[in-house]
Amino acid sequence: MDQIIYLVYVTSFVIGSVAGLVLSYKKYKSPFGAQKIDFAALVLAIIGWVLAVNSQLLAFVIPSYVSITIGVFLIAMVLGMRPGYGRYETVSGFAVAAIIWILGTVLI
């Protein structure tokens, strides 16, 4: 059963990467991103990292394999964006997820 779950995670990452690349090529025309942060990508990164990293904290609401699958898909959409885009959003999303994880493990 674990191997199937891992296959689902990898498939979700690949599909998310392709979707992020396709969407970013439609949205951005220049090859390298400016210093601006894309709000939509930031929201996707924060939600994705929170779902993936804090899946055990959310287990009472949604099963962990479902939250990880959705989180990996959203993370891959931001990571799979056109080169030069999505890096600040990814770091910001990971930082927010790490803070929530630390607060969740300390307070519980």
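Residues numbered from 1 in each chain as written. Predicted model: local features only at pLDDT ≥ 70, side-chain atom pairs only at ≥ 80, totals over all residues. Heavy atoms only, no water.

Draft legend 1. Focus on helix 4 (residues 87–107). The end-to-end C-alpha separation of helix 4 is 30 Å, in line with the 30 Å expected for 21 residues at 1.5 Å each. Among all positions in helix 4, only Glu 89, Thr 90, Gly 93, Ala 97 and Gly 104 are buried. Seen from one end, helix 4 has its buried residues packed into an arc of 95°, which puts them on one side. Along helix 4, the residues that are exposed and aim more than 90 degrees away from the buried face are Val 91, Val 106 and Leu 107. On its buried side, helix 4 packs onto helix 2 (39–53) and helix 3 (64–79). (Helix = DSSP H or I, 4+ residues; strand = E, 2+ residues; numbered from the N terminus. Expected span 1.5 Å × (residues − 1). Buried < 20%, exposed > 50% of the residue type's maximum accessible area, 1.4 Å probe, protein only. Arc of directions from axis to C-beta. Contact = heavy atoms within 4.5 Å.)

Draft legend 2. How the structure looks around the confidence of the model for the protein chain. For the protein chain, mean pLDDT is 89; residues scoring 70 or higher make up 97% of the total. Across the protein chain, element-level confidence peaks in helix 3 with a mean pLDDT of 94 and bottoms out in helix 4 with 90. (pLDDT = per-residue confidence, 0-100.)

Draft legend 3. Quick peek at a nonpolar patch on the surface. Among the surface-exposed residues, Val 53, Phe 94, Ile 99, Trp 101, Ile 102, Leu 103, Val 106 and Leu 107 lie close enough to one another that they form a single nonpolar patch of about 800 Å² accessible area. In terms of residue count, helix 4 provides more of the nonpolar patch than any other element does, 7 residues in total. With respect to the element layout, Leu 103 can be found in helix 4. Classification of Leu 103 as partly exposed rests on a relative accessible area of 47%. (Patch = residues over 30% accessible without salt bridge, like charges linked within 9 Å, V, L, I, M, F, W, Y side chains within 5 Å. Areas by Shrake-Rupley, 256 points an atom, 1.4 Å probe, with all protein chains shown as cover. Salt bridge = Lys/Arg side-chain N within 4 Å of Asp/Glu carboxyl O.)

Draft legend 4. Spatial organisation of the side chain of Ser 12. Structurally, the position occupied by Ser 12 is in helix 1 (residues 2–27). Using a relative accessible area of 8% as the deciding quantity, one classes Ser 12 as buried. A distance of 3.4 Å separates a polar atom in the side chain of Ser 12 from the backbone nitrogen of Phe 73. For Ser 12, the contacting residues outside a window of four places in its chain are Thr 69, Val 72 and Phe 73. (Polar contact = N/O pair within 3.5 Å; in protein donor to acceptor, adjacent residues only side chain to side chain.)

Draft legend 5. The pattern of salt bridges, seen in detail. Using the criterion set out here, one finds 1 salt bridge in the structure. Among the salt bridges present, the one from Lys 27 reaches Asp 38, with a minimum N-O distance of 2.9 Å. Highlighted residues: Lys 27 in helix 1 and Asp 38 in the loop between helix 1 and helix 2, separated in sequence by 11 residues.

Draft legend 6. Layout of the packing of aromatic side chains. Scanning the model with the defined rule gives 3 aromatic pairs in all. Here Trp 49 and Phe 94 contribute two aromatic rings whose centre-to-centre distance is 5.0 Å and whose plane-to-plane angle is 80°, an arrangement assigned as edge-to-face. Of this pair, Trp 49 sits in helix 2 while Phe 94 sits in helix 4, placing them 45 residues apart in sequence. Take Trp 49: its relative accessible area is 18%, and that puts it in the buried class. (Phe/Tyr/Trp six-rings, centres within 6.5 Å; stacked < 30°, edge-to-face > 60°.)

Draft legend 7. Region of interest: the nonpolar core. Formed by Tyr 28, Ala 41, Ala 45, Trp 49, Val 50, Ala 52, Ile 75, Val 78, Met 81, Tyr 85 and Ala 97, the largest nonpolar core amounts to 11 residues. The set of elements that each furnish at least two residues to this core consists of helix 2 and helix 3. Ignoring sequence-local partners within four residues, the contact set of Ile 75 consists of Gly 48, Trp 49 and Ala 52. (Core = buried A, V, L, I, M, F, W, Y, C linked by side-chain atoms within 4.5 Å.)

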